[in-house]
Amino acid sequence: MNLHTARWLLAPVRQLCTRRLMARHGPTLTYDTAWALITLHSAPDEITLVRAWARENPGVAPGIHYDHWHTLSQAEQQRRLKWLRRHGQSPIQLLQLDASLIHITGLHVLDWGRPPNPPEQNSATPPPWSQTREQP
């Protein structure tokens, strides 16, 4: 099967994954950026397609940038805390894309900033979202 046919057949699956990522991440993730992230995650060999799209749609500086926790609404803070307690990382971090890959493609990704440290607890283990993710 040629690449054009494969893209056409897989388009609904990629679109579904894109919309799921947008719903999980929240309102700061645009469809185009979510689509590019899903494309890099599901088909890393299509980096040239994502790079070409990023060149046609220039924006702000490429790379992963973080929003500010204190600027979020209370409802969004609670939604994110609930997600972080369950999964330990943001939806974008769960894709496990290398930051250098995102930078060289020219994408500007606005990921979740770190929540403030929780009050002192009796447990000596830090919350899962405060642990740094190791790069492969």
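The structure presented is a predicted model; accordingly, all values stated were derived computationally and were not measured. (Residues numbered from 1 in each chain as written. Predicted model: local features only at pLDDT ≥ 70, side-chain atom pairs only at ≥ 80, totals over all residues. Heavy atoms only, no water.)

Novice: So what's going on with the overall build of the protein chain? Which residues, and what values?
Specialist: Of the regular secondary structure elements, the protein chain holds 6 helices and 2 strands. Counting from the amino terminus, helix and strand elements in the protein chain follow one another as α-α-α-β-α-α-α-β. Contacts in the protein chain between residues at least 24 apart in sequence constitute 67% of all its contacts with a sequence separation of at least 6. When the accessible surface of the protein chain is split by element, carbon and sulfur atoms take 56% of a total near 9100 Å². (Helix = DSSP H or I, 4+ residues; strand = E, 2+ residues; numbered from the N terminus. Contact = heavy atoms within 4.5 Å. Areas by Shrake-Rupley, 256 points an atom, 1.4 Å probe, with all protein chains shown as cover.)

Novice: Summarise the pattern of salt bridges; cite the residues concerned and give the values.
Specialist: Summed over the entire model, instances satisfying the criterion amount to 4 salt bridges. Of the charged contacts in the structure, one is a salt bridge between Glu-46 and Arg-14, with a shortest N-O distance of 3.3 Å. Of this pair, Glu-46 sits in the loop between helix 2 (31–42) and helix 3 (47–56) while Arg-14 is found in helix 1 (residues 3–25), placing the two residues 32 residues apart along the sequence. With respect to burial, Glu-46 and Arg-14 carry one shared label: buried. (Salt bridge = Lys/Arg side-chain N within 4 Å of Asp/Glu carboxyl O. Buried < 20%, exposed > 50% of the residue type's maximum accessible area, 1.4 Å probe, protein only.)

Novice: Tell me about unusual backbone geometry, and please be specific about residues and values.
Specialist: A positive phi angle is found at Gln-96, which is not glycine, with a value near 55 degrees. Topologically, Gln-96 is positioned in the loop between helix 5 (91–94) and helix 6 (99–105).

Novice: Summarise the confidence of the model for the protein chain; cite the residues concerned and give the values.
Specialist: For the protein chain, per-residue confidence averages 82 on the pLDDT scale, and residues scoring 70 or more make up 79% of the total. When mean pLDDT is taken per element in the protein chain, helix 5 scores highest with 94 and helix 1 scores lowest with 81. (pLDDT = per-residue confidence, 0-100.)

Novice: So what's going on with the nonpolar core? Residues and values would help.
Specialist: Ranked by internal contacts, the top residues of the largest apolar core, which has 16 residues, are Leu-21, Leu-37, Leu-40, Leu-97 and Leu-107. Listing elements by their share of this core, those giving two or more residues are helix 2, helix 3 and helix 6. In terms of residues, this core owes the most to one element, helix 2, which gives 5 residues. Not counting chain neighbours up to four residues away, the residues in contact with Leu-21 comprise Leu-29, Ala-34, Leu-37, Ile-38, Pro-91, Ile-92 and Leu-95. (Core = buried A, V, L, I, M, F, W, Y, C linked by side-chain atoms within 4.5 Å.)

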